[in-house]
Amino acid sequence: MSSVPELSSVPELSLPNSQPALLATLPPGPAQHFASVADAELEGPDDQIQMAAYQPSLSEQGGAEALDSLNRRVRALEDLNERGQGQKRDTRAAVESEGRFEHNLFGRIQADTVTFGQSPSNIKQVGHAPNGTDFRRARIGMQGTGYDIYFYRFEVDFSNVDQVVAQLPRITDAYVEIRQLGYLGTLRMGEFRVPLSTERLMSANDLTFIERGLPQAFNPARQLGAMLFNSTPNYLASYYTDISTFQATDEGEQFGKAGRFDFTQRFVFLPWYDEPSDGRYMVHFGGAYQYQNARNNTVKYATTPEAVLTYFTTKNVIPNFIGTPGIAARDTQIAQVEASTVLGPFSLQGEYYGTWVDPTAGGNPFFFHGAYVFASYFLTGEHRVYSRDQGYYTSVTPFTNFFRVRSRDGNVVQGSGAWEIAARFSTMNLSDRSIQGGRLNDATFGVNWYLTRQMKVMFNYIYAMNNVQNVQTYANVFETRCQVVW
């Protein structure tokens, strides 16, 4: 039986005759010097650790092996130092460090094209709808957090005009939050989206279709106000209570002797959310009610077939396909219900709006309504991402980002990104008794290509069916969008 040779019997590697003499005259390299100090000090108390200074050398022998050893020792020193510092940390210094505000810039660019094909009767009924290109949104903003309870967000848009005064640029979000208020949850104050509808609360960056569904014409979108919101510990239920201005500008301006306001109450229920898959399977229900104190002000509703083109400070240059005249109203009320589910790559979502307008002239309120429902499917297997904190859907991250490169062997290697197909039907009826604003039905088919989480290309085809005073017309709309967010 052969025996294992002792370490001393293992022959050393031979070097050329000139090398030993040369190496003996050279000072140690920086990696070796630092490693020797680390070995000597690693076993001692942390307050005796001294960092080795860099020593210039004519040779860095040991190369990869020395660097690997050095990295291991540096990590060990860092761990030891962190443990020591953690024991000595002053409480006041810790509070100051955690309390500092952190800020970050964000923004988005959405470039759209819109092409119309109208029937002759549709052109006669609503007017000519131009084709065109547009920056649908070009926004930049800043947001930040501090002291674990404060949050702020400020964003400005340079492409989508103020809906009241038609001016650019306009403020979109401008609010602050105070969090961790016990049972009250979070208090938000400023200019923000009114908590009415999942689709409206969602960022336009994360929509399944290029534009929101037709009934969003009932939604006041952003207003200046204050909101309290909170969720149960398991997110089974959430509430949102908001009071805000009525028909103020995007700069929060509203003038008059009698104040006008909106009151909104929203509830969200999440009876099923699959924790192990991070919500790849879930069911969501919700509903909201809004009371608008119009104070005899004028209200009206109108919509295009889910397409928008804006020319400088002009509002949407695409004509409204249906619309009411201005109605002098004492108040209006909106009731909304919603439901959605995610079953892996497949999802369903729908909403219904009912709106009552109480005219100043008296009589029964006018009733208008609208709804949409859509289905989507990810061909590449991803799923829509639901935020339990906010009660709506957020951005999708592809399993594999899009890329295309050539490998060393000459073969092309590529990633597909995420691909989604979707179909939606939406409807809006603005006719009731003496008000004959018309009815519009849209059938929309969409294809979305998510190159990365920050980049997306969208394609929508819309078949719009219009009926005004029993005259049926139609139009075809093709839209594209290229989007980048940061």
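Values in this document were obtained by computation on a predicted structure and should not be read as measured data.

Peer 1: Hey, could you go over the nonpolar core for me, with residue numbers and the actual values?
Peer 2: F116 and F368 are the most contacted members of the largest nonpolar core, which totals 33 residues. Each residue touching F116, except ones within four places of it in the same chain, is listed here: A129, P130, N131, P305, A307, I318, F321, N476 and V477. Residues L207, Y273, Y386 and Y393 belong to the second largest nonpolar core, which totals 18 residues.

Peer 1: Quick one: what's the story with empty space enclosed by the protein, residue by residue and with numbers?
Peer 2: Unfilled space is identified by rolling a water-sized probe across the atoms. In total, this model carries 2 cavities of 30 Å³ or more according to the counting rule given. Its volume calculated, the largest cavity comes out at about 40 Å³. Of the residues that constitute the lining of the largest cavity, the class distribution is 4 nonpolar, 2 polar and 5 charged.

Peer 1: Please give an account of the pattern of salt bridges that cites residues and values.
Peer 2: In total, this model carries 18 salt bridges according to the counting rule given. Of the charged contacts in the structure, one is a salt bridge between R108 and E155, with a shortest N-O distance of 3.2 Å. In this pair, R108 is assigned in strand β1 (residues 102-118) and E155 in strand β3 (residues 150-157), connecting sequence segments 47 residues apart. Judged on exposure class, the residue R108 and its partner E155 are both buried. We note a salt bridge from D173 to R153, for which the minimum N-O separation is 3.0 Å. Residue D173 is located in strand β4 (residues 170-178), and its partner R153 is located in strand β3; the two are separated by 20 residues in the primary sequence.

Peer 1: Describe in detail the pairing of strand β9 (residues 281-299), supporting the description with residues and values.
Peer 2: As defined by bridge partners, strand β8 (residues 261-273) adjoins β9 across 11 bridges and the pair is classed as antiparallel. Bridging across to β9, V268 finds its partner in G286. For β9 and strand β12 (residues 327-343), the ladder comprises 16 bridges, and the chain directions are antiparallel. Paired with G286 across the strands is E338, a residue of β12.

Peer 1: Got a sec to walk through a nonpolar patch on the surface? Specific residues and values, please.
Peer 2: Together, W272, Y281, L343, F346, L348, Y377, L379 and I421 make up a nonpolar patch on the protein surface, roughly 700 Å² of accessible area in all. Along the chain, the position of W272 falls in strand β8. A residue is classified by how much of its surface remains accessible, and W272, at 39% relative accessible area, is partly exposed.

Peer 1: Residues and numbers for the environment of S431, please.
Peer 2: Considering the arrangement of structural elements, one finds S431 in strand β19 (residues 418-432). Judged by its relative accessible area of 22%, S431 falls in the partly exposed class. Discounting residues that sit within four places of it in the chain, S431 has contacts with F367, F368, Q436, G437 and G438. Within the structure, the side chain of S431 is placed 2.9 Å from the backbone nitrogen of G438, a separation counted as a polar contact.

Peer 1: Residue-level account of the side chain of Q110, with values.
Peer 2: Examined against the element boundaries, Q110 turns out to sit in strand β1. Within the local environment of Q110, its side chain forms a polar contact with the side chain of R137, the two groups lying 2.8 Å apart. Excluding residues within four positions of it along the chain, Q110 makes contact with D134, F135, R136, R137, A204, N205, R481, C482 and Q483.

About the criteria used
Residues numbered from 1 in each chain as written. Predicted model: local features only at pLDDT ≥ 70, side-chain atom pairs only at ≥ 80, totals over all residues. Heavy atoms only, no water. Core = buried A, V, L, I, M, F, W, Y, C linked by side-chain atoms within 4.5 Å. Buried < 20%, exposed > 50% of the residue type's maximum accessible area, 1.4 Å probe, protein only. Contact = heavy atoms within 4.5 Å. 1 Å grid on protein atoms, 1.4 Å probe; cavity = no way out; pocket = protein on both sides within 12 Å on 5 of 7 lines; lining within 4 Å. Points joined across faces, edges and corners; volume = space filled by probe spheres on them. Nonpolar A, V, L, I, M, F, W, Y, C, P; charged D, E, K, R; others polar. Salt bridge = Lys/Arg side-chain N within 4 Å of Asp/Glu carboxyl O. Helix = DSSP H or I, 4+ residues; strand = E, 2+ residues; numbered from the N terminus. Pairing = 2+ DSSP bridges. Patch = residues over 30% accessible without salt bridge, like charges linked within 9 Å, V, L, I, M, F, W, Y side chains within 5 Å. Areas by Shrake-Rupley, 256 points an atom, 1.4 Å probe, with all protein chains shown as cover. Polar contact = N/O pair within 3.5 Å; in protein donor to acceptor, adjacent residues only side chain to side chain.

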